[in-house]
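As a plain string of letters, each chain reads:
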2 protein chains.
Amino acid sequence: MIAATKSCLAISGGVGGAKLVLGLSCQLQADKLTIVANTGDDFDHLGFTICPDLDTVMYTLADLADRESGWGQTGETWQFLSALEQLGGDTWFQLGDKDLATHVVRSSELNKGKLLSQVTHDLCQSLNIKHKLVPMTDDRVATLIHCQSGEVLAFQHYFVRDHCEPAISGYSFSGIDSANRCPGFSRALQDPDLGAIIICPSNPFVSVAPVLDLDDTAELMTEHAAPVIAVSPIVAGVALKGPAAKMMAELNMPSSALGVAEYYADRYPGLLDGFVLDLADASEAIAVQALGMVPLVVKTVMTSLPDRQQLAKDVLKFASELCQA
Amino acid sequence: MIAATKSCLAISGGVGGAKLVLGLSCQLQADKLTIVANTGDDFDHLGFTICPDLDTVMYTLADLADRESGWGQTGETWQFLSALEQLGGDTWFQLGDKDLATHVVRSSELNKGKLLSQVTHDLCQSLNIKHKLVPMTDDRVATLIHCQSGEVLAFQHYFVRDHCEPAISGYSFSGIDSANRCPGFSRALQDPDLGAIIICPSNPFVSVAPVLDLDDTAELMTEHAAPVIAVSPIVAGVALKGPAAKMMAELNMPSSALGVAEYYADRYPGLLDGFVLDLADASEAIAVQALGMVPLVVKTVMTSLPDRQQLAKDVLKFASELCQA
């Protein structure tokens with residue numbers, strides 16, 4: 001474990017990342033953990049500003065998340081969506097009746113001129129979330145998926161509407177050049193007690209890269225004394241959730257934990273101090289080490305709450321060891 | 001009954017008016033009935049443009065209306081509202097999960113630049129409504145309630161949030177001077193086959209007056225060859241729904257069917273050719289006649305669908321008799 005006086009910064013996308021975030025929140029006091037959620041997935045739909053990753057993390061921390069799917073709310077109902085269908089509205093994005101309240105409140109407050117980070121703070125307060133959850137930015141960044149067909153898709157069109165079916169040739173983040181970190185994200189990076197930066201097991205391309213590419217974030221993290229540790233979202237060659245493995249194959253990378261480590265080493269040289277692989281990928285640890293990262297091989301598949309807490313403990317202990325190294 | 005070749009224009013507010021509208025829709029072919037709904041009650045709430053009277057009539061015609069309350073949808077659920085409450089949102093206006101789809105679609109289409117009458121047409125098509133339902137205007141008119149305390153309230157604040165409790169000193173329609181009838185309303189008034197203008201049993205002050213005060217509507221109707229008939233929303237001194245009787249008392253008018261007839265005669269001289277009173281108010285018929293209107297005394301309380309059909313038949317027959325007179 002990192003010392004109790006040290007704080008932790010966690011970077012997360014949606015479902016996979018949120019699992020480790022929940023584990024970390026069980027291990028760390030409220031003022032010792034800042035969670036930064038990707039907002040590159042955010043999009044405007046039916047007049048709402050929808051922030052899927054932010055909501056998944058928020059619902060997970062509030063113990064509202066659907067345990068089966070990992071996203072949306074438990075006990076969700078779909079009366080709105082049925083009525084919307086009858087009215088000929090767009091129903092490809094699943095908007096549950098409860099979930100809708102989040103989108104209505106957020107959109108209404110944003111329209112009044114509030115910043116996304118302020119609205120997120122208020123929502124988290126209403127849901128009794130103690131740890132700091134912040135969007136990566138208050139500006140608009142939109143992840144675009146470049147398909148091998150030449151088509152460019154808004155992320156949710158690729159991810160939800162088209163079920164990740166199009167083969168991709170790349171991705172980009174529209175608006176990122178003029179976007180800034182939100183104040184809470186910058187504060188966490190400047191915290192003199194920062195003892196660990198943890199990149200949760202989220203999609204390296206579309207969940208983590210938008211956060212790292214924001215401003216001088218990757219540079220700041222690379223230069224930071226605190227160890228930067230990524231947990232592989234790929235286990236035994238497959239992504240536990242989402243299109244990461246499929247994307248790697250299409251981008252001509254090996255779909256493996258090592259492939260993820262290589263990608264980070266290539267795109268963000270010197271960023272990662274540690275890399276966490278699942279037991280199933282133990283054989284890749286030596287090659288990871290050769291990339292200049294310290295490997296940690298533990299169980300990373302989180303099916304239960306104790307799994308999440310155990311991985312959080314393992315990662316925090318790893319950070320502490322890297323600090324002392 | 002008016003001749004089958006003749007068409008009918010009905011003016012309606014919410015629940016009470018919608019009952020007679022439904023009856024009329026059972027008696028008249030789709031192309032022979034235009035229903036104009038009051039939009040003075042419309043308001044912006046949580047980022048939505050909400051049109052309570054239009055929706056009540058629409059749901060009633062689509063057989064979706066809750067039969068108990070007369071407003072909202074049957075089998076409605078309230079998951080959204082519970083979640084909204086948890087998030088600290090405004091919950092004084094009841095937004096059901098199904099109902100919400102209407103507000104989302106309407107607001108989204110209005111924001112794209114569509115006119116309210118176009119959006120209403122599209123919604124009605126989706127709901128298989130055959131008769132023409134139009135908002136009184138595509139412009140914004142807002143009914144304001146002037147309280148005896150000096151306070152001025154937006155209509156839904158008075159009606160829903162404050163349960164009609166404040167004593168009123170008057171009412172006004174903000175924006176009405178620059179508002180125009182929507183095209184469908186003007187077309188119905190110009191229809192050479194127009195054989196009856198029926199003012200449904202709706203609140204004369206806040207449901208009917210906004211429609212009549214729009215443009216030269218009252219003048220056009222007064223000069224029109226087709227008979228103009230109002231059905232009293234007051235029966236035996238009480239309003240079957242809503243604050244009409246309470247308002248009359250506060251405005252120093254007798255809370256009676258005769259009081260309604262006197263109000264119309266005073267505010268819109270010569271407008272009404274016929275006035276329909278309930279059997280309970282038969283004794284007021286002579287005084288109504290003295291105002292220059294032909295009285296019709298029939299059962300106006302509509303508790304069942306056959307009641308609605310019967311009142312519609314009675315009113316259409318009355319119109320036909322007035323035409324021949």
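Residues numbered from 1 in each chain as written. Chains lettered and ligands numbered in written order. Predicted model: local features only at pLDDT ≥ 70, side-chain atom pairs only at ≥ 80, totals over all residues.

S.K.: Help me get a handle on the overall build of chain A, residues and values and all.
M.R.: Broken down by element type, chain A carries 13 helices and 14 strands. Relative to a compact globule of 325 residues, whose C-alpha radius of gyration would be 20 Å, chain A shows 19 Å and is just as compact. With respect to the three principal axes, the spread of C-alpha positions in chain A is 60 × 45 × 40 Å. Burial status across chain A gives 54% buried among its 325 residues. Sequence separation of 24 or more characterises 67% of the internal contacts of chain A that already satisfy a separation of 6 or more. (Helix = DSSP H or I, 4+ residues; strand = E, 2+ residues; numbered from the N terminus. Rg over C-alpha atoms; globule rule 2.2 N^0.38 Å. Buried ≥ 20, exposed ≤ 12 C-beta atoms within 10 Å, placed from the backbone. Contact = placed C-beta atoms within 7 Å.)

S.K.: Go over the relation of the copies chain A and chain B, please, and point to the residues and values.
M.R.: In screw terms, the move from chain A to chain B is a rotation of 180 degrees and a rise of 0.0 Å along the axis, fitting with an RMSD of 0.0 Å. Look at the turn and shift together and you get a two-fold axis relating the two. When each C-alpha of chain A is compared by its distance to the rotation axis, A:D97 comes out closest, at 3.0 Å. (Least-squares fit on C-alpha atoms with pLDDT ≥ 70 in both.)

S.K.: Could you give an account of the sheet that holds strand β10 (residues 228–231) of chain A, with specific residues and numbers?
M.R.: Residue and element names in this part refer to chain A. With respect to topology, seven strands assemble into an open sheet ordered β5-β2-β1-β9-β10-β13-β14, the strand pairing being parallel. Two strands bound the open sheet, and with one partner strand each, they are β5 (132–135) and β14 (294–298). Strand-to-strand twist in this sheet, taken as the mean axis angle between neighbours without regard to direction, amounts to 20 degrees. The pairing of β10 with strand β13 (residues 274–278) spans three bridges and is classified as parallel. Bridging from a neighbouring strand, I229 pairs with G274 of β13. Packed on one face of the sheet, helix α1 (residues 15–27) meets β1 (7–12), β2 (33–37) and β10 and runs near 165 degrees to β1. (Pairing = 2+ DSSP bridges. Axes fitted to C-alpha atoms, helices over the stretch in contact; angles between N-to-C directions.)

S.K.: I'd love a proper account of the interface of chain A and chain B, names of residues and values included.
M.R.: Each partner contributes to the interface: chain A provides 23 residues, whereas chain B provides 23 residues. Mapped by element, the contributors of at least two residues to the side of chain A that touches chain B are α3 (79–86), α4 (97–111) and α5 (116–126) of chain A. Among the elements that make up the side of chain A that touches chain B, the one with the highest residue count is α4(A) (10 residues).

S.K.: Quick one: what's the story with the sheet that holds strand β1 (residues 7–12) of chain B, residue by residue and with numbers?
M.R.: All names here are of chain B. Across the sheet, which stays open at both edges, the seven strands sit in the order β5-β2-β1-β9-β10-β13-β14 with parallel pairing between neighbours. A single partner strand is all that each edge strand has here, and the edge strands are β5 (132–135) and β14 (294–298). When the angles between neighbouring strand axes are averaged without regard to direction, this sheet yields 20 degrees. Where strand β9 (residues 194–199) lies against strand β10 (residues 228–231), three bridges are found, and the strand directions are parallel. Looking across to β10, one finds that I197 is bridged to V228.

S.K.: Explain unusual backbone geometry residue by residue, including any values.
M.R.: Residue and element names in this part refer to chain A. The phi dihedral of L46 is positive, around 55 degrees, even though this residue is not glycine. Checked against the element boundaries, L46 lands in the loop between β3 (43–45) and β4 (48–50). The phi torsion at D63 lies on the positive side, around 60 degrees, for a residue other than glycine. Overall, the presence of 12 C-beta atoms within 10 Å leaves D63 in the exposed class.

S.K.: I'd like a rundown of helix α13 (residues 305–324) of chain A, residues and numbers included.
M.R.: Residue and element names in this part refer to chain A. Taking 1.5 Å as the rise per residue, α13 with 20 residues should run 28 Å; its terminal C-alpha atoms sit 29 Å apart, in good agreement. Buried within α13 are the following residues: R308, L311, A312, V315, L316, F318, A319 and L322. Taken around the axis of α13, the buried residues stretch over an arc of 155 degrees, which confines them to a single face. Exposed residues pointing more than 90 degrees away from the buried face of α13 are listed as P306 and Q324. Buried positions along α13 lie against α1, β9 (194–199), β10, β13 and β14. (Expected span 1.5 Å × (residues − 1). Arc of directions from axis to C-beta.)

S.K.: I'd love a proper account of the packing of helix α1 (residues 15–27) of chain B against helix α13 (residues 305–324) of chain B, names of residues and values included.
M.R.: All names here are of chain B. Between α1 and α13, whose axes approach to 7 Å, the crossing angle comes to 75 degrees. Comparing their axes, α13 and α1 come out roughly perpendicular. Contacts from K19, L20, L22, G23, L24, C26 and Q27 of α1 reach α13 at R308, Q309, L311, A312, K313 and L316. Of the residues contributing to the contact of α1 with α13, the split by class is seven nonpolar, three polar and three charged. (Parallel < 35°, antiparallel > 145°, perpendicular 65-115°, else oblique. Nonpolar A, V, L, I, M, F, W, Y, C, P; charged D, E, K, R; others polar.)

S.K.: Can you tell me about the confidence of the model for chain A, naming the residues and giving the values?
M.R.: Overall, the prediction assigns chain A a mean pLDDT of 96, with 100% of residues at 70 or greater. Prediction confidence for the complex, expressed as pTM and ipTM, is 0.93 and 0.92 respectively. (pLDDT = per-residue confidence, 0-100.)

S.K.: Please provide a residue-by-residue account of the environment of A:L28, values included.
M.R.: Residues and elements named next belong to chain A. Mapped onto the secondary structure, L28 falls in the loop between α1 and β2. Remark: the alpha-carbon pair of L28 and D90, spanning 62 residues in sequence, is separated by 41 Å. The residues touching L28, leaving out its near neighbours within four places in the chain, are C8 and L33.

S.K.: An account of the pairing of β14(A) is needed here, citing residue identities and associated values.
M.R.: Residues and elements named next belong to chain A. Of the pairings in the sheet, the one linking β13 to β14 comprises five bridges and is parallel in character. Across the sheet, the residue bridging to D278 is V298, located in β14. Each parallel crossover has a hand, and the one from β13 via helix α12 (residues 285–290) to β14 is right-handed. (Right-handed = clockwise from strand over helix to strand, strands pointing away.)

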